[in-house]
Amino acid sequence: MAKIEIKVNGKARKADVDPRLLLVHYLRENLNLTGTNVGCDTSQCGACTVMIDGQAVKSCTVLAVQADGSDVTTIEGLAQDGKMHPIQQAFWDNHGLQCGYCTSGMILTSVEILKHNPHPSEAEVRHGLEGNVCRCTGYHNIVKSVLAAADAMGGK
Amino acid sequence: MGLDTFGKGIKRREDPRLITGKGTYVDNMKMVGMAHAYILRSPYAHARIIKIDVAKAKAQPGVLDVFVGKDMEALGSIPCGWSHPGLITPKHPVVAIDEVNYVGDPVAVIVAEDRYIARDAADLIDVEYDPLPAVIDLEKAVASREQARVAAAHADVHHAGAHHDEAAAGEAIEQTVGAEVKAALASQEAAGPHLVHNEAAHNTAFTWTIGDKAKTDEAFAKAAHVTTLRIRNNRIQASAIEPRAALASYDAASEGITLWMTSQNPHIHRLLAAAFVLGIPEHKLRVIAPDVGGGFGSKIFVYGEEIIVVWASRKLGVPVKWASERREAYISDAHGRDHVTTAEMAFDAGGRITGLRVKTLANLGAYLSTFSTAVPTYLYGTLLSGQYDIPTIFCEVLGVLTNTVPVDAVRGAGRPEATFLLERLMDTAARELKMEPTAIRRKNFIQPNQFPYQTAVALQYDSGNYEVALDKALEMVGYADLRKQQAEARKQGKLIGIGVSTYLEACGLAPSALVGSLGAGAGQWESALVRVMPTGTINVYTGSHSHGQGHETTFAQVVSRELGVPYENINILHGDTETLPYGWGTYGSRSAAVGGSALVKASQRVREKAIKIAAHLLEANEADVELVEGKFQVKGAPSRSKSWFDIGLQSHLAHNLPQGMEPGLEFTAFYDPSNFVYPFGAHICVTEVDADTGQVQIKRFIAVDDCGNRINPMIIDGQVHGGLACGIGQALYEEAAYTDEGQPLFGSMMDYALPRAHFLPSFELGHTVTPCPHNPLGVKGIGETGAIGSPPAVVNSVVDALAHLGVTHIDMPLTPEKVWRAMNAM
Ligand code: FES
Ligand code: FES
């Protein structure tokens, strides 16, 4: 067992975990933050994406102990004061999801895309999303959502 | 949003919960004392199980128990829900008992306190296998059948010639026949005497034909031109991003079981699991399908895992959950497609089709999955007329058993295979006959004045206007200009292709009597319950199930229009067998056409009764009361009116109802349509092939679809986008390929290539509207059209780009290697 302390969505959480416990399972099973989904187990689909210290990371390939001392944001922590993040809003406005299973990961990856490139082209958005798989939307409306969010956020 | 939402692309009400991480998918669920099941699967495609030693695994701390096939022997066989005359149905145990038949066949079940412990324990199970030869290749699987057929034909000839001196020749004939059969058996032996199941001779579960063989043969004998193609329709995987999962909780007090599972049709799951496998009364099993992360067909069927958790929960007295890993999903979710087909099309001198002859080997995998026998037959053979007026068709399908994962419906199911074959034939014929690909299609389209149109393969199309959709697609792509640009590009050594496909599908699965006569073990109607609450809001219960299709939004739009109740005041409930009327679920693009029509029917009954109540309260004649903008008012005196609140409340209080009227205001309706629905459209794909690498890039994709009346255009477009991505995935990237020994080459998402955002363009969509004439909404299906129309558009485009290099056909998926080899004639 290993002691860890991770700040999750702004709250410090202490735990004693099996060293091999994956971060995604820690979040889902121990903390009940089930908005982070598992789609592939092998870092291919991006459904499990969370932000670790401001960077989008696939939590199915991170051990909980590796995240010790870091600051983790999951989809549950993205909305502020009960108001959706502009990217969440853009996904809603632009029908950027269907079954919703890939969506948390798509949104957190989009946060990262816009952080580095506040005014991306369509091609840049598509490349930015290459690590996330969606089987429902054909990406058309996801790309549209990210571009709309970029507009709405005006470079912020 | 109010009353006026029908036909508008309003935002989905299910989204906020999914966007903020508050969805309830099965694997999110936890229960007190819950244990986790892990399934050990066969590493062999075909083997006898000599012995299984589970002692070490069982002894692990945290392991509750370990089960093998023998423990569950009393369970029924996993059923196939669609029968054909003479169908051979191999027994399909939930967990393999003496023999495994594909890589992935369950061998043992470990139930432990958590999934890590369960997985560890699985490594400690010792299984001794005696490997058997595996049957993988479709043509090899039935080779012995062909040999036997040849031998039998010879024997017939000998017999015919032997008539005059039977007695003398008798022995000689016996010897000849005996020798031939022996020779056939010997060569079969040499090729491998392999049977997947001993009861299925020649590995053939069924032989199915449709159409008129003699008439078709005659058309071919007289044909001015015959185009022939041999096509492999590649095996694909549905790949819903949410893996399948099931959680069962047994309640000893009531002996009832609740099963949460990833299901597209909870009632079908309950029926088949309870009655056919578990042998428990149906009312003791409650199936709940909460949020489901995509289905694409793969979550229709009955699988062993959901039975395992129910069985284990009952046995151990704790809730038991199984959640598939992706690696596992690829070898346990049913696969799709996998046909080898020889198709011939006969033409007269003017380019008019005079006949179509098709022979298909359809892979069924190791066992018959729930709808597997319907997919390559009634959902395929009956679609072989497409949009074309074909005077005679004959199609023969062999359902073939192999040592591979069972094959069943994946998005489109049968219709993509039929369309692919037709549209490849049309393009190939056009090239051979030196016609424009659009001209040959126009020449053969069924014309608007021919509806209802009776095809040569059973279906009667209700309505359509095919040329208009094609014209629209050509206009959107700027066809004439594009052909010029293509010629220019070619001069500069650029390989640009333009591929056209026109498709038709039959969906909205029903009518029940018809599908019953064809072998379905299911009714195909749908039900809905519309309940007016005392405050005038509405609860709607539907037998359809939404797993991304947005029913909570579109169905509310439908009921809002029918009842004049504000959209916000309508609540759609689905996915729970305990609280809903019976339903057959969501697949085959049946939700709007069949489920939506049931809603209309139930709503109409509610409205009729509401008008009676209103008339009574307003002291008016029933005939004088009308529902206008959500208010019941007296004609000519709009100030005399009652609201839904008044009606709802009065129907429940029942203090002041018409004499003899029952209290309450709710109706359940069962809707069984009179025909399938027939969406159609035209797709155009523009590709560029890299001359050095064979890499295909899609430059533009235009899809014009006609799904009749449109409830929510935004959702319709989304469905088309997703379907296109699936179809393009099949055409360019996806294949669930096996080695000759039956080892899967698609172990994870690293090996199975799904389309990613940068592989695809933004799609350009258009539509035409030809309302369905026989359902009250005038709607057809849209969920599968993208996957049906796009694969031939892509392949036609690539072949068009390479035709001048002598390329006539490439089998999907068009990987760079295959394309490169084709263009370099290797
Ligand atoms: S589950 Fe982590 S990337 Fe797919
Ligand atoms: S919305 Fe279903 S996987 Fe993306």
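Remember, it's a predicted structure, so these values are computed and weren't measured experimentally.

Things to note about the overall build of chain A
Each helix and strand counted, chain A has 5 helices and 5 strands in total. Counted from the first residue to the last, chain A has its helices and strands arranged as β-β-α-β-β-β-α-α-α-α. In terms of C-alpha radius of gyration, chain A reaches 15 Å, essentially the compact-globule figure of 15 Å for 156 residues. Taking the principal axes of the C-alpha coordinates as reference, chain A spans close to 45 × 30 × 25 Å. Buried positions account for 58% of the 156 residues belonging to chain A. Looking at chain A alone, contacts between residues at least 24 apart form 57% of all its contacts between residues at least 6 apart. Of the roughly 6,000 Å² of accessible surface on chain A, 49% is carried by carbon and sulfur atoms. Of the charged side chains in chain A, 14 are positive and 16 negative, and the gap between their average positions amounts to 3 Å.

Considering the pattern of salt bridges
Opposite charge on two side chains makes pairing possible when the charged atoms of those side chains draw close. All names here are of chain A. In this structure the tally under the stated criterion is 52 salt bridges over all chains. Close ionic contact of lysine 3 with aspartate 16 constitutes a salt bridge, the shortest N to O distance being 3.6 Å. Here the residue lysine 3 occupies a position in strand 1 (residues 2-8), and aspartate 16 occupies one in strand 2 (residues 11-17), the gap between them amounting to 13 residues.

Quick look at the sheet that holds strand 4 (residues 99-100) of chain B
Residues and elements named next belong to chain B. In spatial order, the strands read 4-2-6; together these 3 strands make up an open sheet with antiparallel pairing. Strands at the two margins of the open sheet, each flanked by one partner only, are strand 4 and strand 6 (126-131). Across 6 bridges, the pairing between strand 2 (residues 47-53) and strand 6 is antiparallel. From the neighbouring strand, lysine 51 faces strand 6, where its bridge partner is glutamate 128.

Concerning the sheet that holds strand 1 of chain A
Strands belonging to one sheet form pairs held by backbone hydrogen bonds; the direction of such a pair is parallel or antiparallel. Residue and element names in this part refer to chain A. The mixed open sheet is built from 5 strands, whose spatial order is 2-1-5-3-4. Single-partner strands in this sheet number two, and they are strand 2 and strand 4 (55-58). On average, each strand axis in the sheet is inclined to that of its neighbour by 40°, with strand direction left out of account. As defined by bridge partners, strand 3 (residues 49-52) adjoins strand 5 (residues 71-73) across 2 bridges and the pair is classed as antiparallel. Among the inter-strand pairings, isoleucine 52 is bridged to a residue of strand 5, identified as valine 72.

As for the interface of chain B and chain A
The interface of chain B with chain A comprises 54 residues on the first partner and 50 residues on the second. Here chain B and chain A share an interface that buries about 4,500 Å² over both sides, 55% of which is from carbon and sulfur atoms. Looking at the side of chain B facing chain A, the largest losses of area belong to Ile19(B), Tyr116(B) and Ile241(B), adding up to 17% of the total buried there. Our count for the chain B to chain A interface comes out at 5 salt bridges. Ionic pairing is found between Asp27(B) and Arg28(A), a salt bridge with its closest N-O pair at 3.7 Å.

Remarks on the side chain of Ser591(B)
All names here are of chain B. By the element assignment, serine 591 lies in helix 17 (residues 591-617). One polar contact links serine 591 to histidine 551, side chain to side chain, over a distance of 3.3 Å. Sequence-distant contacts of serine 591, that is, excluding residues within four places in its chain, are made with Ser544, His551, Phe555, Thr586 and Gly596.

Things to note about the pairing of strand 4 of chain A
All names here are of chain A. Where strand 3 and strand 4 come together, 4 bridges link them in antiparallel fashion. If you follow methionine 51 over to strand 4, its bridge partner there is alanine 56. The hairpin formed by strand 3 and strand 4 contains 2 residues between the paired strands, and aspartate 53 there has a positive phi angle of roughly 45°.

Some words on the packing of helix 17 of chain B against helix 18 (residues 644-653) of chain B
All names here are of chain B. Between helix 17 and helix 18, the shortest axis-to-axis distance is 10 Å and the interhelical angle comes to 90°. In terms of orientation, helix 17 lies roughly perpendicular with respect to helix 18. Facing helix 17, whose interface residues are Val606, Ala610, Ile613, Ala614 and Leu617, helix 18 presents Trp644, Ile647, Gln650 and Ser651. For the contact of helix 17 with helix 18, the per-class residue count stands at 7 nonpolar, 2 polar and no charged.

Concerning the confidence of the model for chain B
For chain B, per-residue confidence averages 93 on the pLDDT scale, and 95% of positions sit at 70 or higher. The ipTM, which scores confidence in the relative placement of chains, is 0.97 for this predicted complex, and the corresponding pTM is 0.94.

A closer look at the side chain of Thr20(B)
In this structure, Thr20(B) sits in the loop between helix 1 (15-19) and strand 1 (35-41). Among the polar contacts made by the side chain of Thr20(B), one reaches the main-chain carbonyl oxygen of Arg17(B) at a distance of 3.4 Å. Looking at Thr20(B), its side chain comes within polar contact range of the side chain of Lys22(B), at 3.4 Å. Those residues within four positions of Thr20(B) in sequence are excluded, and the remaining contacts are Ile75(A), Glu76(A), Met84(A) and Gln88(A).

Things to note about the nonpolar core
All names here are of chain B. Counting 218 residues, the largest nonpolar core has Leu285, Phe701 and Leu802 as the members making the most contacts within it. With 8 residues, helix 11 (residues 415-433) is the largest single contributor of residues to this core. Of all hydrophobic cores here, the second largest spans 45 residues; its members include Ile10, Ala556, Ala610 and Val634.

Comments concerning the packing of helix 8 (residues 266-278) of chain B against helix 9 (residues 304-316) of chain B
Two quantities define a packed helix pair, namely the angle between the axes and the distance from one axis to the other. Residues and elements named next belong to chain B. The N-to-C vectors of helix 8 and helix 9 enclose an angle of 65°; their axes lie 11 Å apart at closest approach. In this structure, helix 8 crosses over helix 9, and the sense of that crossing is right-handed. Touching His269, Ala273, Val277 and Leu278 of helix 8 are Glu306, Ile307, Val310 and Arg314, all from helix 9. Residues that form the contact of helix 8 with helix 9 fall into these classes: 5 nonpolar, 1 polar and 2 charged.

What about helix 17 of chain B?
With 27 residues, helix 17 of chain B should reach 39 Å at 1.5 Å per residue; the first-to-last C-alpha distance of 37 Å fits that figure. Just past helix 17 of chain B, the residue Glu619(B) takes up positive phi, approximately 50°.

Quick word on the pairing of strand 5 (residues 106-112) of chain B
Residues and elements named next belong to chain B. Most of strand 5 is tucked away: 7 of the 7 residues are buried. Strand direction decides the pairing type here: strand 1 and strand 5, joined by 6 bridges, are antiparallel. Bridging from a neighbouring strand, isoleucine 39 pairs with valine 109 of strand 5. Relative to strand 5, strand 3 (residues 63-68) runs antiparallel, the two being bridged by 5 bridges. Residue pairing for strand 5: aspartate 65 is matched across the bridge by valine 111.

Side note on the packing of aromatic side chains
All names here are of chain B. Applying the stated criterion across every chain yields a total of 26 aromatic pairs over all chains. Residues tyrosine 330 and phenylalanine 746 carry aromatic rings whose centres are separated by 6.5 Å and whose planes lie at 85° to one another, so their mutual orientation is edge-to-face. Highlighted residues: tyrosine 330 in helix 10 (residues 326-332) and phenylalanine 746 in the loop between helix 19 (713-732) and strand 28 (764-767), separated in sequence by 416 residues. Just as tyrosine 330 is buried, phenylalanine 746 falls in that class too. Linked through ring pairs, Trp82, Trp208, Phe371, Tyr378 and Tyr587 together constitute an aromatic cluster. The ring of tyrosine 330 has arginine 326 sitting right over it, with the charged end atom 5.8 Å from the ring centre. Above the ring of phenylalanine 6, the side-chain terminus of arginine 561 is found at 3.7 Å from the ring centroid.

What counts, and where the lines are drawn
Residues numbered from 1 in each chain as written. Chains lettered and ligands numbered in written order. Predicted model: local features only at pLDDT ≥ 70, side-chain atom pairs only at ≥ 80, totals over all residues. Heavy atoms only, no water. Helix = DSSP H or I, 4+ residues; strand = E, 2+ residues; numbered from the N terminus. Rg over C-alpha atoms; globule rule 2.2 N^0.38 Å. Buried < 20%, exposed > 50% of the residue type's maximum accessible area, 1.4 Å probe, protein only. Contact = heavy atoms within 4.5 Å. Areas by Shrake-Rupley, 256 points an atom, 1.4 Å probe, with all protein chains shown as cover. Lys, Arg positive; Asp, Glu negative; His and termini not counted. Charge placed at Lys NZ, Arg CZ, Asp CG, Glu CD. Salt bridge = Lys/Arg side-chain N within 4 Å of Asp/Glu carboxyl O. Pairing = 2+ DSSP bridges. Axes fitted to C-alpha atoms, helices over the stretch in contact; angles between N-to-C directions. Buried area = accessible area lost by both parts, 1.4 Å probe. Polar contact = N/O pair within 3.5 Å; in protein donor to acceptor, adjacent residues only side chain to side chain. Parallel < 35°, antiparallel > 145°, perpendicular 65-115°, else oblique. Nonpolar A, V, L, I, M, F, W, Y, C, P; charged D, E, K, R; others polar. pLDDT = per-residue confidence, 0-100. Core = buried A, V, L, I, M, F, W, Y, C linked by side-chain atoms within 4.5 Å. Left-handed = near helix turned anticlockwise from the far one by under 90°. Expected span 1.5 Å × (residues − 1). Phe/Tyr/Trp six-rings, centres within 6.5 Å; stacked < 30°, edge-to-face > 60°. Lys NZ or Arg CZ within 6 Å of the ring centre and 35° of its normal.

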